[in-house]
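Architecture at a glance
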Amino acid sequence: MKTPIHIVILGGGYAGFHVAKSLRKDVLAGRVRVTVVEPQPYLTYKPLLPEVAGGETDPRDATVTLQRPLRHANLISGEALSADCETRTVVIRTEDGVERPMSYDHVVFALGSITKALPIPGLEDFAVGFNTLEEAVYLRNQVLDRIRFAATAADANRRKRALTFVFVGGGYTGVEAIAELQELARQEHATFPELADEPMTWLLVESADRIAAELSKDLSQWTLDTLRSRGITVALNTEVKSCEDGVVELSDTRKYPADSIVWSAGVAPNPVLDNMKVPKGAKGHVQANACLQLVRDDGTVVTGGWALGDNAQVPQPRSGAEPSYYPPNAQNALRQARLLAGNLRRQLNGESLLEYRHESLGTLASYGGREGAAVIKGVHLSGMPAWAVDKVYHAIAIPTLSKRIRLVLGWLANALTRRDLASTSAVRTPRRPFQQAMAAARAHAHH
């Protein structure tokens, strides 16, 4: 009996998950065996992170466990440390800290992205990113806790600082995040009569001349007007120069002391790629051709190497001298995953590979308060219609039927009840109550 071809998928995020899932029939037929290397036991559906932060979506409903839908694959809870495409070997480190090499016939790079940070003074010490589930949950609790703190703080400067929230980066993520969180904060703030004369400050800083640039210019302007109508200050053509001591200093010399600073100014390829012997583009992405195969600078294919999603540089057909690449979003990740799995199958069958070609279906953004903006097949939507389309799309796009049902039921519950304003920040220090109990027991013993 012929030994199954070994396919190693580095990364179990949205792209890697769908590659592995699409190979299920091939595994069951005994043609291939699939290994997925991923440190987390779940994937995060990142388009829902702003709703998680705003309390519209339960954190668990934005995740999908890997074990059950990928039970045909060998899931390794660990991380890839290096890869050598010449020897077809990857080195992984499992949760117990053990490092070991693993050989493969084909490797798929689906390592995703991290927050793209800049060396701004104070940024590392006082800001938080917005690229993970943990960051979204933290920010929800942070906003609620700061409002509660301000309601009892005696010092006026400390109250003002607690009620100041600064977001840096006016792309989709930053706009959706500040909109959702400001709506959450507005409701929480209204529950404290003692804060009636203590307004909140919400600031969005963007270095370009408009926000939500992924949208058309008219919808980008509508988004800007919507945020400003809610009391959010939007600083365009402005950069952050410093965050030292938690004081955000802008390029126009304005200063905002703030307890909450959120950095959402783009993403960068996973830095583990620096340790991978793979061809990379100018910005550090794995270099791929239109068939999603790894390619060297001279265009020759790296045998057995594939890449897709946020960590890949996939060429997009477009007229003009400058090369163009597909943007990193869930829409492309899903379709690239299906094509990549199909191309693996075609190569095993000795068939010609297909190139990735996708015309964007449109763009969607949800701003909380049942408002949003969208362009669907050239049709421009704003307000509640766009918000509704956004909900329908994500209910379809999130993997597994059970998760879709939970997600929709959660939204229905939100429509019928008031928003949950409870902070769960105490989970960050779960042992504190027990430590206090032990301290009390020791004190009692001494008496």
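Attention here is on the structure that accompanies the text. (Residues numbered from 1 in each chain as written. Predicted model: local features only at pLDDT ≥ 70, side-chain atom pairs only at ≥ 80, totals over all residues. Heavy atoms only, no water.)

All right, on to the packing of aromatic side chains then. Counted by the stated rule, this structure contains 5 aromatic pairs. Connected via pairs of aromatic rings, a cluster forms that spans F165, F167 and W202. Taking the ring centre of F149 as reference, the NZ or CZ of R146 above it sits at 4.4 Å. The ring of W411 has K391 lying over it, and the distance from NZ or CZ to the ring centre is 5.1 Å. (Phe/Tyr/Trp six-rings, centres within 6.5 Å; stacked < 30°, edge-to-face > 60°. Lys NZ or Arg CZ within 6 Å of the ring centre and 35° of its normal.)

Attention now goes to the pattern of salt bridges. A side chain of one charge can pair with a side chain of the opposite charge if their charged atoms are brought near each other. Counting across every chain of the model gives 18 salt bridges. In this structure, R93 engages E79 in a salt bridge whose closest nitrogen and oxygen atoms are separated by 2.8 Å. With R93 in strand 7 (residues 89-94) and E79 in strand 6 (residues 78-84), this pair connects stretches of sequence that are 14 residues apart. Exposure remark for R93: the relative accessible area of 29% places this residue in the partly exposed category. The exposure class assigned to E79 is partly exposed, which follows from its relative accessible area of 35%. With its nearest N and O atoms 2.8 Å apart, the salt bridge here joins R186 to E183. Residue R186 and its partner E183 are located together in helix 7 (residues 172-189), separated by 3 residues, close to a single helical turn. Residue E183 is classed as buried on the basis of its relative accessible area, which comes to 10%. Here the salt bridges do not stand alone but share partners, grouping D26, R31 and R345 into one network. (Salt bridge = Lys/Arg side-chain N within 4 Å of Asp/Glu carboxyl O. Helix = DSSP H or I, 4+ residues; strand = E, 2+ residues; numbered from the N terminus. Buried < 20%, exposed > 50% of the residue type's maximum accessible area, 1.4 Å probe, protein only.)

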